[in-house]
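Next come the chains, spelled out residue by residue.
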Amino acid sequence: MDRPNYITPDGFAALRREYDQLLGEERPKLVEVISWAAGNGDRSENGDYIYGRKRLREIDRRLGWLAKRMKAARVVDPARQADKNRVWFGATVEIADEDDQRRVLTLVGDDEAEASAGRISWNAPLARALRSAAVGDVRRVLLPAGEREYEVMGITYPA
């Protein structure tokens, strides 16, 4: 990886939960179904066997990806940011655009971003524009819809 995989402690815990659930629960059950289906004879037309093998490959691929992401992860606790008066990783920021439309965003790692929940990737164009901004700063960002200006209205970090 060319850059560190910053992630919050909650985001890392979510990756770990998914990994443990796939490896400890779903994969063993699937291996059991595949073994049972293989024992039924002709595998070429055995749906349980064919689907099971396909799903097993998907799980193994996902487990590999999760292991790689967790190995590269650099867990950053937003509550321990030194300068909480500026926007850094893990900050929850209230911004307002030119039309005074307000939004609340939290800057998180790539693996935990979910725009519909207000969590945007630390590497997203808007997040990059907001980095190191203080309350009252106006930042210009080039978005797919065009150039916009946002004013930082508030910054909070978890306790």
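Given the structure is predicted, the values throughout are model-derived calculations rather than measurements.

**Focus: the nonpolar core**
Then comes step 1: One finds Val87, Val93, Ile95, Leu107 and Leu126 to be the most contacted residues of the largest nonpolar core, which totals 19 residues.
Then comes step 2: Contributions of two or more residues to this core are made by strand S3 (92-96), strand S4 (102-108), helix H3 (125-130) and strand S7 (146-156).
Then comes step 3: If one sorts the elements of this core by residue count, H3 sits on top with 4 residues.
Then comes step 4: Sequence-distant contacts of isoleucine 95, that is, excluding residues within four places in its chain, are made with Gln101, Arg102, Arg103, Leu105, Leu126, Leu130, Tyr150, Glu151, Val152 and Met153.
Then comes step 5: In terms of nonpolar packing, the next biggest core, distinct from the first, is built from 15 residues, Leu15, Ala38, Tyr49 and Met70 among them.

**Here's the deal with helix H1 (residues 9-38)**
Then comes step 1: In this model, H1 (30 residues) spans 42 Å end to end at C-alpha, consistent with the 44 Å of a helix rising 1.5 Å per residue.
Then comes step 2: Along H1, the helix axis deviates most sharply at leucine 22, where the bend reaches about 35°.
Then comes step 3: Of all the residues in H1, the buried ones are Gly11, Leu15, Tyr19, Leu22, Leu30, Ile34, Ala37 and Ala38.
Then comes step 4: Of the surrounding elements, those touching the buried residues of H1 are strand S1 (5-7) and helix H2 (47-72).

**A word on the environment of methionine 70**
Then comes step 1: Relative to the assigned elements, methionine 70 resides in helix H2.
Then comes step 2: The buried category is assigned to methionine 70, whose relative accessible area is 10%.
Then comes step 3: C-alpha separation for the pair methionine 70 and aspartate 100, spaced 30 residues apart in sequence, amounts to 39 Å.
Then comes step 4: Residues within four places of methionine 70 in sequence aside, it is in contact with Phe12, Leu15, Arg16 and Tyr19.

**A closer look at the pattern of salt bridges**
Then comes step 1: Overall, the coordinates contain 17 salt bridges when judged by the stated rule.
Then comes step 2: Here arginine 140 ties to glutamate 149 by a salt bridge, and the two come within 2.3 Å at their closest N and O atoms.
Then comes step 3: The class of arginine 140 is exposed, set by a relative accessible area of 52%.
Then comes step 4: By sharing partners, the salt bridges in this structure join Glu26, Lys54, Arg55 and Glu58 into a single network.

**Side note on the confidence of the model for the protein**
Atom-level detail of predicted coordinates should not be read off regions where pLDDT is low.
Then comes step 1: Here the protein averages 91 in pLDDT, and 99% of its residues register 70 or above.
Then comes step 2: No element of the protein has a lower mean pLDDT than S1, which averages 90, and none a higher one than S3, which averages 96.

**Digging into the packing of aromatic side chains**
Then comes step 1: This structure, assessed with the given rule, holds 2 aromatic pairs.
Then comes step 2: For the ring pair tyrosine 6 and phenylalanine 89, a centre distance of 6.1 Å and an interplane angle of 50° mean the geometry is tilted. With a gap of 83 residues between them, tyrosine 6 in strand S1 and phenylalanine 89 in the loop between strand S2 (73-75) and S3 connect regions that are remote in the sequence.
Then comes step 3: Note on phenylalanine 89 and tryptophan 122: the rings are 5.6 Å apart at their centroids and 80° apart in plane angle, and the pair reads as edge-to-face. Here the residue phenylalanine 89 occupies a position in the loop between S2 and S3, and tryptophan 122 occupies one in the loop between strand S5 (119-121) and H3, the gap between them amounting to 33 residues.

**Side note on the environment of glutamate 32**
Then comes step 1: Mapping glutamate 32 onto the fold places it in helix H1.
Then comes step 2: The class for glutamate 32 is exposed, based on a relative accessible area of 60%.
Then comes step 3: Separated by 18 residues in the primary sequence, glutamate 32 and isoleucine 50 have C-alpha atoms spaced 14 Å apart.

Each value, and the rule that gives it
Residues numbered from 1 in each chain as written. Predicted model: local features only at pLDDT ≥ 70, side-chain atom pairs only at ≥ 80, totals over all residues. Heavy atoms only, no water. Core = buried A, V, L, I, M, F, W, Y, C linked by side-chain atoms within 4.5 Å. Buried < 20%, exposed > 50% of the residue type's maximum accessible area, 1.4 Å probe, protein only. Helix = DSSP H or I, 4+ residues; strand = E, 2+ residues; numbered from the N terminus. Contact = heavy atoms within 4.5 Å. Expected span 1.5 Å × (residues − 1). Bend = angle between axes of the 7 residues up to and from the residue. Salt bridge = Lys/Arg side-chain N within 4 Å of Asp/Glu carboxyl O. pLDDT = per-residue confidence, 0-100. Phe/Tyr/Trp six-rings, centres within 6.5 Å; stacked < 30°, edge-to-face > 60°.

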